[in-house]
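Architecture and fold: a report
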Amino acid sequence: MMGLLKLAALGTLGYVGYKFYEKQKLDRNGVAFADGEPEGQFRNAGPESVGDKPRRAWNKTDEESDESFPASDPPANY
């Protein structure tokens, strides 16, 4: 009986911890948004609008590719 109570308490603690973790997530939209971006399925184009800052400076091709997303066509000067 005591083992069952311990298991129930452990399960409850895990559930409460999971719910707390879900509320603390920074990724509210399901995609990589920077702070201050509008909520929804799409974000503004450009390196300042992504949630994870780029490791290197974006070149013209990077920016044009980001601006064309989710279109399947690459930039005209690619």
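**Focus on the overall build of the protein**
The helix and strand inventory of the protein stands at two helices and zero strands. Burial analysis of the protein (78 residues in total) assigns 12% to the buried set. For the protein, the exposed surface amounts to about 6,800 Å²; the carbon and sulfur share of it is 58%.

**Digging into a nonpolar patch on the surface**
A cluster of nonpolar side chains, namely M1, M2 and L5, defines an oily patch on the protein surface of about 400 Å² accessible area. Among the structural elements, M2 can be located in helix α1 (residues 2-24). On the accessibility criterion, M2 (57% relative accessible area) is exposed.

**Section: the pattern of salt bridges**
In total, this model carries one salt bridge according to the counting rule given. With a shortest N-O distance of 2.7 Å, D62 and R56 are connected by a salt bridge. We classify R56 as exposed; its relative accessible area is 53%.

**Quick word on the side chain of D66**
Its location among the elements puts D66 in helix α2 (residues 60-68). Classification of D66 by relative accessible area gives buried; the value is 15%.

Analysis parameters
Residues numbered from 1 in each chain as written. Predicted model: local features only at pLDDT ≥ 70, side-chain atom pairs only at ≥ 80, totals over all residues. Heavy atoms only, no water. Helix = DSSP H or I, 4+ residues; strand = E, 2+ residues; numbered from the N terminus. Buried < 20%, exposed > 50% of the residue type's maximum accessible area, 1.4 Å probe, protein only. Areas by Shrake-Rupley, 256 points an atom, 1.4 Å probe, with all protein chains shown as cover. Patch = residues over 30% accessible without salt bridge, like charges linked within 9 Å, V, L, I, M, F, W, Y side chains within 5 Å. Salt bridge = Lys/Arg side-chain N within 4 Å of Asp/Glu carboxyl O.

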